[in-house]
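# Examining the three-dimensional arrangement
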Amino acid sequence: MPATAPVPPSLPPAPNRQDGTNRAGEKPAPEPPKQKPAPEPPPKPPQIAAVKGGPEAAQAQRAAVDARQDADKAQAPRYAATTFAAALQKKTDGDALIGREDFPAARKHFEDAQALYRQAAQEAVAMIERRRSETEQARGAMQIARRAADQATADKYAPTLIAAGLAKERDGQTAVGRSDYDLAIRHFRDAQADYQAAAQAAAQEAKKEETRQQVAALQTSTEQSRKEMEARRDQAVKAEADRLAKNLFDAGQTKQAEATTLASRQSFVAATKAYQDAAERYREAADRARIMREARAQADSAKARMLSEKQRAFQNAPEFSSAEAEERQANASYDRLAYKEAADRFSSAETLYAKAKPAVPTPPVPTPESPAPKPTQPPRRPPPPSF
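Presented here is an overview of the structure given in this document. Since we're looking at a predicted model, the values are computed, not measured. (Residues numbered from 1 in each chain as written. Predicted model: local features only at pLDDT ≥ 70, side-chain atom pairs only at ≥ 80, totals over all residues. Heavy atoms only, no water.)

## Quick word on the packing of aromatic side chains
What counts, and what does not: Stacked, edge-to-face and tilted are the three classes for Phe, Tyr and Trp ring pairs, Trp counted by its six-membered ring, which pair at centre distances within 6.5 Å; planes under 30 degrees apart are stacked, over 60 edge-to-face, the rest tilted. To qualify as a helix, a DSSP run of H or I must reach at least 4 residues; to qualify as a strand, a run of E must reach at least 2; elements of each kind are numbered from the N terminus. Relative accessibility under 20% of the residue-type maximum defines a buried residue, over 50% an exposed one, and the middle range a partly exposed one, all with a 1.4 Å probe and only protein chains included.
Taken as a whole and judged by the stated rule, the model has four aromatic pairs. Aromatic pair Phe 249 and Tyr 282: ring centres 5.2 Å apart, planes at 55 degrees, arrangement tilted. With Phe 249 in helix H9 (residues 246–264) and Tyr 282 in helix H10 (residues 268–312), this residue pair connects regions lying 33 residues apart in the sequence. Exposure remark for Phe 249: the relative accessible area of 3% places this residue in the buried category.

## Regarding the pattern of salt bridges
Applicable threshold: What counts as a salt bridge is simple: a side-chain nitrogen of Lys or Arg found within 4 Å of a carboxyl oxygen of Asp or Glu.
For the structure on display, the rule yields 33 salt bridges. Across the pair Arg 139 and Glu 136 runs a salt bridge whose closest N-O atoms are separated by 2.3 Å. Linking Arg 139 with Glu 136, this pair stays in helix H4 (residues 103–151), spanning three residues, or about one helical turn. Under the relative-accessibility criterion, Arg 139 is labelled buried at 14%. One network of salt bridges, with partners in common, ties together Glu 240, Arg 243, Arg 293 and Arg 296.

## Side note on the nonpolar core
The tendency in soluble globular proteins is for nonpolar side chains to be buried as a group. Basically, it comes down to this: Buried Ala, Val, Leu, Ile, Met, Phe, Trp, Tyr and Cys residues that are joined via side-chain atoms within 4.5 Å together make up what is termed a nonpolar core. Here, two residues are considered to be in contact whenever any of their heavy atoms come within 4.5 Å of each other.
Grouped together as the largest cluster of nonpolar side chains are 36 residues, with contacts concentrated most on Ala 241, Tyr 339, Phe 346 and Tyr 353. Those elements that provide at least two residues to this core are helix H7 (181–238), helix H8 (241–244), H9, H10, helix H11 (318–335) and helix H12 (339–355). Sorting elements by how many residues they give to this core places H10 first, with 14 residues. Setting aside residues no more than four positions away along its own chain, Tyr 353 makes contact with Met 306, Glu 309, Lys 310, Ala 313, Phe 320, Ala 323, Glu 324 and Glu 327.

Below, the structure written as structure tokens:
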């Protein structure tokens, strides 16, 4: 078998000439572009299963991880933040110790972290229970405030506040559905404040309305008293009380003016009382005037009888002048409205006029020598005056 010719060793590439070609006159292939080295991946956390020489530390690490998951489910990061942060720090420190293969210290940190996670979970559960209880209390207080607002008809007097309270109440219910008790409590308390403000506003408006109704009732009562007073005044005027019972009538007018002033100031209670007092004075004046009219009628009758007797009286009689003096006093009493006194004096004057008769001469005693004189006839009285 013929021997195979040996393959000559490959020659090293000839150096490039100035034009960039080699000795063979060929241009070398361009070198591929240099790629940047890929960044090193971040160090992976120590694998629990890969921990060497520390099975107890690895077991403690796994237990800490499980405890954290339970704490997360219990919302410990939110409701037990301080304890949860302490547990997290212990776990982080334990991981660092694992990296340094300080297994006993790492185990201790993991066990501490596990205990803190469990404590955080318990605190969170207790806190959630408290917050849930506080939420129910806040909701109950809000509902009480809402019922009070309903009883005060706040939807009529303060509809804006009621609408705001209802919106916040709905937000609170939504927060309860998400177990966001802090937010729910805040919404319920805000709604309670709105309901309470609405109830207060409604009470104030109701009080104002009640006051307006009371004022209207008082005004009506005052107007009724005024009409009654005017009716009494008309009766008094018809009874001539403005002349026959002037003092009482003037007192009524004074009270009437006072009542009118009070009514213009809307002091209706005082105005009503003043109108009632004025009406009473006018009533008393009318009653007094009727009595005075009866007394005047009696005085007029006595005067008429006196004048009739005066026409028949003898002016030269001594009683006539006394009768005239009594008549003058009677007229004076009549002018000052003392009708009873005037009637008595007219009657007294009538009696005196009746006594004013001419003197009847005594007839002489007849003697045998002279016949008895004829009796003298009294003068004829003038006819009585006609009225």
